[in-house]
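Examination of the molecular architecture
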Amino acid sequence: MIDITKNIATAPRRTKASVIRELLKITNKPGVISFAGGLPDPQHFPYDFVANSVKEIMAKQGRVALQYGPTDGLPELKEEFIKFLQKHEGITAKPENLIVTTASQQALDMVGRLFIDASDPVIVEKPSYMGGLQVFKSYGCEFVGVKLEDDGISTEELEEKLLWLRAQDEHYKFLYLVPDFQNPSGVTLSQEKRKKVIELSEKYNVAVIEDSPYRQIRFEGKAPEMLYRLDQNSRKTDNIISLFTFSKTFAPGLRLGIILAHPQIIKKMEILKQSLDLCTSSLNQLIAADFLRSGFFEKHIEVIKKTYKLKKDTMVAALEKYMPEGVTWTKPEGGLFLWVRLPESMSADEMFADALKENVAYVIGSAFHSDGSGKNTMRLNFSYPTPEDIDEGIKRLATAVKKRMVAAK
Ligand SMILES: Cc1ncc(COP(=O)(O)O)c(C=O)c1O
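Residues numbered from 1 in each chain as written. Predicted model: local features only at pLDDT ≥ 70, side-chain atom pairs only at ≥ 80, totals over all residues.

Now for the overall build of the protein chain. Along its length, the protein chain carries 14 helices and 14 strands. For 409 residues, the compact-globule estimate of 2.2 N^0.38 gives 22 Å, and the protein chain sits close to it at 21 Å. At a minimum sequence separation of 6, the contacts of the protein chain that also span at least 24 residues come to 77%. (Helix = DSSP H or I, 4+ residues; strand = E, 2+ residues; numbered from the N terminus. Rg over C-alpha atoms; globule rule 2.2 N^0.38 Å. Contact = placed C-beta atoms within 7 Å.)

Our next topic: the environment of Met-315. Along the chain, Met-315 falls in helix α12 (residues 296-322). With 26 C-beta atoms counted inside 10 Å, the residue Met-315 sits in the buried group. Each C-alpha atom, one on Met-315 and one on Ile-116, is 39 Å from the other, the two residues being 199 residues apart in sequence. Setting aside its immediate chain neighbours within four residues, Met-315 contacts Leu-338, Leu-380, Phe-382, Ile-390 and Ile-394. (Buried ≥ 20, exposed ≤ 12 C-beta atoms within 10 Å, placed from the backbone.)

What follows concerns the domain arrangement of the protein chain. For the protein chain, the assigned domains read domain 1 (10-46 + 298-408) and domain 2 (61-296). The C-alpha-based centres of domain 1 and domain 2 are spaced at 25 Å. For the side of domain 1 that touches domain 2, the secondary-structure elements that each account for two or more residues are α1 (10-14), α2 (19-27), α12 and β11 (337-341). In terms of residues, the side of domain 1 that touches domain 2 owes the most to one element, α12, which gives eight residues. A class-by-class count of the residues in the side of domain 1 that touches domain 2 yields 16 nonpolar, eleven polar and nine charged. (Domains from an automatic or database assignment. Nonpolar A, V, L, I, M, F, W, Y, C, P; charged D, E, K, R; others polar.)

The next subject is the sheet that holds strand β14 (residues 377-381). Spatial strand order, β10-β11-β14-β13: four strands in an open sheet with antiparallel pairing. On the outer flanks of this sheet lie β10 (328-329) and β13 (363-364), each paired with one strand and no other. (Pairing = 2+ DSSP bridges.)

Below, the discussion takes up the site of the ligand. Not every one of the 14 residues close to the ligand is listed here, only the nearest: Ala-103, Ser-104, Gln-105, Thr-245 and Ser-247. It is helix α5 (residues 103-115) that contributes the most residues to the shell around the ligand, three residues altogether. Each residue belonging to the shell around the ligand can be placed in one class, and the counts come to five nonpolar, eight polar and one charged. (Near = placed C-beta within 6 Å.)

Here the focus is the environment of Arg-341. By the element assignment, Arg-341 lies in strand β11. With 18 C-beta atoms packed within 10 Å, Arg-341 lands in the partly exposed category. Separated by twelve residues in the primary sequence, Arg-341 and Trp-329 place their C-alpha atoms 6.0 Å from one another. Setting aside residues no more than four positions away along its own chain, Arg-341 makes contact with Thr-328, Asn-376 and Thr-377.

Right, let's talk about the nonpolar core for a bit. Of all hydrophobic cores here, the largest spans 106 residues; its most connected members are Phe-174, Val-208, Ile-209, Ile-259, Ala-288 and Leu-380. When residues of this core are assigned to their parent elements, the largest contribution, seven residues, is made by helix α11 (residues 282-293). Viewed by domain, this core spans two of them, domain 1 (10-46 + 298-408) and domain 2 (61-296), each represented by three or more residues. If near-sequence neighbours (up to four positions away) are discounted, Phe-174 is found in contact with Phe-115, Val-122, Val-206, Ala-207, Val-208 and Ile-209. (Core = buried A, V, L, I, M, F, W, Y, C linked by C-beta atoms within 7 Å.)

The next thing to look at is the sheet that holds strand β6 (residues 174-177). What the eight strands build is an open sheet, ordered β2-β9-β8-β7-β6-β3-β4-β5; its pairing is mixed. A single partner strand is all that each edge strand has here, and the edge strands are β2 (98-101) and β5 (152-153). With six bridges joining them, strand β3 (residues 121-126) and strand β4 (residues 142-149) adopt parallel strand pairing. Of the residues in β4, the one forming a bridge with Val-124 is Gly-145. On the sheet, helix α10 (residues 263-276) packs against β2, β8 (240-245) and β9 (257-260) and is oriented at approximately 30 degrees with respect to β2. (Axes fitted to C-alpha atoms, helices over the stretch in contact; angles between N-to-C directions.)

Turning to the packing of helix α7 (residues 155-167) against helix α8 (residues 191-203), a few remarks are in order. Packed helices, taken two at a time, are described by the angle their axes make and the gap between the axes. As a packed pair, α7 and α8 sit with axes 10 Å apart at the nearest point and diverge in direction by 10 degrees. The pairing of α7 with α8 is recorded here as roughly parallel in orientation. The segment α7 lies against α8, with Thr-155, Leu-158, Glu-159 and Leu-162 engaging Lys-193, Lys-196, Val-197 and Leu-200. Residues that form the contact of α7 with α8 fall into these classes: four nonpolar, one polar and three charged. (Parallel < 35°, antiparallel > 145°, perpendicular 65-115°, else oblique.)

All right, on to unusual backbone geometry then. Across the junction of Lys-126 and Pro-127, the peptide omega takes the value 10 degrees, indicating a cis bond. Assignment of secondary structure puts Pro-127 in the loop between β3 and α6 (130-138). Look at the link from Asn-183 to Pro-184: it is a cis peptide, with omega at 20 degrees. By the element assignment, Pro-184 lies in the loop between β6 and α8. Backbone geometry at Lys-236 places phi at a positive 55 degrees, although glycine is not the residue there. Residues other than glycine seldom take positive phi values, yet Arg-255 does so here, at roughly 50 degrees. Relative to the helices and strands, Arg-255 is located in the loop between β8 and β9. With 19 C-beta atoms packed within 10 Å, Arg-255 lands in the partly exposed category.

Printed below as a string of structure tokens:
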């Protein structure tokens, strides 16, 4: 056999296995309550809707559904998505602003292909979405991490870093943000900071990737405007590239997403996608178009919001009930995750084995830090486990934390 360490190309050699996917293999043991995954609750997938929709599509549009489609996506889906953007986000878009993707992970890969040359600095939140870090790293970028605060990325530190990069004549290409109920922290970027991000994007000529899979799952509070909308209504830098996905609002198994950006960027993305997969599944695009057109989306999202709010409240109440002093956590207004901070002296990396012994699992926070910091943090998912398991799982986790605290004394 060939020498796999030498004969393969640079990009796959640089690509490290996702810590989450590796963790999931361990945590899928019977008896373990896992807060490690990021899965939607399968109880609420719209099974009947999909079954009926497929039947109807086959009767009326079978030839389109089972055929190759245009690389930038089917007009049926684009039309419905344009209406969705107008109605829910106040955004006016045209078909040439959109390209349908095989969900957001492909969109992130296309962003990496489009922008990154080896050694280019890419600016990321600390912590940030691991799947984004993984794909950008595979294209050889260097990360410039900016701390995340309770209201989103620190715009002061962001400007300092941009100034520093500019002084060194570095070709920084983009800023990657997950502005709504961030994965992993659950934090949302405030309206004020959104304005500042756009101002900095213009001043320093840097593209902003607005990756927002959880935005529609807001169960409390008022939504700040999307960066894309703010930009269109104010500065019109056209620097914002927004990524949507149907994974959390419909079903991840459909593998369906959409990029919204300036037509010049979309055109380049289309050329890239030609060599990736020619086109995204036509059948799935027609199902999603039906999901939006029929108004089922609005009904379905209400069910998801209600369910996840109950689960988030259960998790927060359990943390308050069981966790010892010195442990803190975020209280997200939406999304799928919350973020726990242990005292600085403790390591969630080291505690992982103890937690597994107690039959509970989480994702270590350091995996989301581009520089490996954040050892005292962890991400907990609340969308997948049942409320009963959430209560019991947090109790077990608190036992692991307390045992470590006693051992350290
Ligand atoms: C921030 C973020 N971006 C992108 C993705 C990828 O999602 P998908 O490829 O299913 O759209 C995820 C998945 O969890 C995510 O959390």
